[in-house]
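Chain and residue survey
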Amino acid sequence: MEDMARNLRLGSSYRCPAGIANVSSSPIADSAPSDCQNGSLTIAFDSVSPDPDPIIATDQFIYAIGPNRTDPNKYSAYKSKDGGFSFLQMTPDEIEIDSAKSGFTVLGAVPGPSNTDEPRVIIRLSGKVRAKDTESNFNIQTTVSQRLLDR
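Residues numbered from 1 in each chain as written. Predicted model: local features only at pLDDT ≥ 70, side-chain atom pairs only at ≥ 80, totals over all residues. Heavy atoms only, no water.

Take the environment of D98 next. Note that D98 resides in the loop between strand 7 (95-97) and strand 8 (103-107). Sequence spacing of D98 and K128 is 30 residues, and the spatial spacing of their C-alpha atoms is 7.8 Å. In this structure, D98 is in contact with S126 and G127, ignoring residues within four places of it in sequence. (Helix = DSSP H or I, 4+ residues; strand = E, 2+ residues; numbered from the N terminus. Contact = heavy atoms within 4.5 Å.)

Should their charged atoms come close, side chains of opposite charge can pair. Tallying each qualifying case throughout the model produces seven salt bridges. R6 is paired through a salt bridge with D3; the nearest N and O atoms lie 3.4 Å apart. Separated by three residues within a single helix, R6 and D3 lie in helix 1 (residues 2-10), roughly one turn from each other. The exposure class assigned to R6 is partly exposed, which follows from its relative accessible area of 37%. (Salt bridge = Lys/Arg side-chain N within 4 Å of Asp/Glu carboxyl O. Buried < 20%, exposed > 50% of the residue type's maximum accessible area, 1.4 Å probe, protein only.)

You will see that S13, though not glycine, has its phi angle at about 55°, which is positive. A positive phi is found at K132, a non-glycine position, where the angle reads about 55°. Locating K132 in the fold gives a position in the loop between strand 9 (120-131) and strand 10 (134-145). Residue class for K132 comes out exposed when judged on its relative accessible area of 88%.

Burial analysis of strand 3 (residues 42-46) places four of its five residues in the buried class, which makes it a mostly covered element. In terms of strand pairing, strand 1 (residues 12-15) meets strand 3 through two bridges, oriented antiparallel. Bridged to R15 within strand 3 is A44. Pairing between strand 3 and strand 4 (residues 60-67): five bridges, direction antiparallel. Opposite F45, over in strand 4, you have F61 as the bridge partner. (Pairing = 2+ DSSP bridges.)

This paragraph deals with the packing of aromatic side chains. Per the stated rule, a full pass over the model turns up three aromatic pairs. Between Y14 and F45, the ring centres sit 6.3 Å apart and the planes meet at 70°, which makes this aromatic pair edge-to-face. Taken together, the residues span a long stretch of sequence, with Y14 in strand 1 and F45 in strand 3 at a distance of 31 residues. Its relative accessible area of 0% is what places F45 among the buried residues. (Phe/Tyr/Trp six-rings, centres within 6.5 Å; stacked < 30°, edge-to-face > 60°.)

This paragraph deals with the pairing of strand 10. Bridge count between strand 9 and strand 10: 12 bridges; the pairing is antiparallel. Looking across to strand 10, one finds that G127 is bridged to F138. Linkage of strand 9 to strand 10, two consecutive antiparallel strands, is achieved through a turn of two residues, within which K132 is found at a positive phi near 55°.

In this fold, N7 is placed in helix 1. Here N7 falls in the buried class, since its relative accessible area comes to 18%. In this structure the side chain of N7 is engaged in a polar contact, spanning 2.9 Å, whose partner is the side chain of Y63. When neighbours within four sequence positions are excluded, N7 is seen to be in contact with F45, F61 and Y63. (Polar contact = N/O pair within 3.5 Å; in protein donor to acceptor, adjacent residues only side chain to side chain.)

Structure representation (structure tokens):
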């Protein structure tokens, strides 16, 4: 959650690609900033500092909630720093994300004269942790506003 909040706070051009990200190395097309008031399992945004590696042609970050690679019936959180060409699983297999209760809501991202709100993202993560013979449920939420002021 802290990784997501920090990078989203410093990022800009929030957008919610349609559907669930294919976390098996399938890039997500770049698009214009967009709101997703009904929530999304995927959020893409421009990072504050592009990767200096000339091989990586994008500075687009993506966070996604998608099927776990070892058990596709369970969901995990993923991160991509290269526009979706590769995803890193952020949560261990012992953590199962509830995709029906988790996601990203973006408000105020669409530029325009009628939009006076600063862009912000609500991150919701819900699920359970299984360790040994114990199972614990969790529900966490935070709101992150973009540090870069709209002009």
